[in-house]
Amino acid sequence: MSLKKIFVINLVIGIFVCLAHIPLVALKLSGVSGFESVNLWQVLPLIPFDLTLLLGAIAALAGSDERKSKILPVHAVILGLLSVVIIGMLLWFVLLGIPEGNFSWSPGLGAALVGYSMHVSKRAFYQGTNKLMANAGWYSAGIVFFFELVLMYKFYVMHFT
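Model, not experiment: these values are computed from the prediction.

K.L.:
Would you explain the overall build of the chain in this entry?
P.N.:
Within the chain, the secondary structure is distributed over 7 helices and 0 strands. Mapped from its N terminus to its C terminus, the chain presents α and β elements in the order α-α-α-α-α-α-α. Expressed along its principal axes, the backbone C-alpha trace of the chain runs to roughly 50 × 45 × 20 Å. Across the 161 residues that make up the chain, the buried fraction comes to 32%. In the chain, the proportion of contacts linking residues at least 24 apart, taken out of those at least 6 apart, comes to 74%. Surface summary for the chain: the accessible area is close to 10100 Å², and the carbon and sulfur share equals 71%.

Here it is, written out as structure tokens:
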């Protein structure tokens, strides 16, 4: 995958996460009803990462190859942290239980994000030619997808049997 494609994907991810988090904080701070349960301590730390992903992708797409090579490791770290959060939440739900209330999980989305972040991290930090590492993104996505299926089975057993 070319660097341009990686940064276009990062731009799309950056737009979506900024559209998800920034209005949420604005609505919570303005006192709009329906946002009382939003915990700002969970959302506010994400905004610098969201903006870094968005603005870094814009700068990389508008800049030279040298700029792209400097921004790629930053994006790899941010996406790696996202993967750690996704895997942590997934394991939490599988091992400790599904939370009460309006719980939702999109099977496949976590696997795709973890696999993609592994690909970006490999592209940014790994320079070797190991054939196992060539497909590390697919392997990690498959493992996460397996645990997503376990979570969906657990959800099914809890609510439909």
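What follows picks up the thread again.
K.L.:
Looking at this structure, I do not really get the environment of V74. What am I missing?
P.N.:
On the secondary structure map, V74 appears in helix α4 (residues 65-96). Sequence separation of V74 and A134 is 60 residues, and the distance between their C-alpha atoms is 21 Å.

K.L.:
Sorry if this is basic, but what is going on with the side chain of D50 here?
P.N.:
Its place among the elements puts D50 in helix α3 (residues 46-62). We note that D50 is buried and unpaired, the nearest opposite charge coming from K28 at a distance of 17 Å.

K.L.:
Would you explain the packing of aromatic side chains in this entry?
P.N.:
Working definition: an aromatic ring pair is given by the centre-to-centre distance plus the angle between the planes. Within the structure shown, the criterion is met by 4 aromatic pairs. With a centroid separation of 5.8 Å and 90° between ring planes, the pair formed by F93 and W105 is classed as edge-to-face. With F93 in helix α4 and W105 in the loop between α4 and α5 (109-125), the pair connects residues that are 12 residues apart, well separated along the chain. Taking the relative accessible area as the measure of exposure, F93 reaches 12% and is therefore buried. For the pair F146 and F147, a centre-to-centre distance of 5.5 Å together with 75° between the ring planes defines the contact as edge-to-face. With relative accessibility at 29%, the residue F147 sits in the partly exposed group. An aromatic cluster is present here, built from F155, Y156 and F160 joined pairwise through their rings.

K.L.:
Mind showing me how you'd approach the layout of surface pockets here?
P.N.:
If you roll a probe as big as a water molecule over the atoms, it shows you where there is empty space left. Taken as a whole, the largest pocket holds about 1400 Å³ of empty space. Together, 32 residues line the largest pocket, and H21, L46, L82, V85 and M89 are the ones closest to its centre. At the level of elements, α1 (3-30), α2 (40-43), α3, α4 and α5 are the ones that each hand at least two residues to the lining of the largest pocket. Of the residues forming the lining of the largest pocket, the biggest block, 8 residues, is contributed by α4. A per-class count over the lining of the largest pocket returns 22 nonpolar, 8 polar and 2 charged.

K.L.:
Quick question: what am I supposed to make of a nonpolar patch on the surface here?
P.N.:
There is a patch of nonpolar side chains on the surface, built from V8, V12, I15, F16 and L19 and spanning about 450 Å² of accessible area. Note on placement: V8 falls in helix α1. V8 gets classed as partly exposed once you look at its relative accessible area, which sits at 36%.

About the cut-offs
- Residues numbered from 1 in each chain as written.
- Predicted model: local features only at pLDDT ≥ 70, side-chain atom pairs only at ≥ 80, totals over all residues.
- Heavy atoms only, no water.
- Helix = DSSP H or I, 4+ residues; strand = E, 2+ residues; numbered from the N terminus.
- Buried < 20%, exposed > 50% of the residue type's maximum accessible area, 1.4 Å probe, protein only.
- Contact = heavy atoms within 4.5 Å.
- Areas by Shrake-Rupley, 256 points an atom, 1.4 Å probe, with all protein chains shown as cover.
- Lys, Arg positive; Asp, Glu negative; His and termini not counted.
- Salt bridge = Lys/Arg side-chain N within 4 Å of Asp/Glu carboxyl O.
- Phe/Tyr/Trp six-rings, centres within 6.5 Å; stacked < 30°, edge-to-face > 60°.
- 1 Å grid on protein atoms, 1.4 Å probe; cavity = no way out; pocket = protein on both sides within 12 Å on 5 of 7 lines; lining within 4 Å.
- Points joined across faces, edges and corners; volume = space filled by probe spheres on them.
- Nonpolar A, V, L, I, M, F, W, Y, C, P; charged D, E, K, R; others polar.
- Patch = residues over 30% accessible without salt bridge, like charges linked within 9 Å, V, L, I, M, F, W, Y side chains within 5 Å.

These figures capture arrangement, not role.
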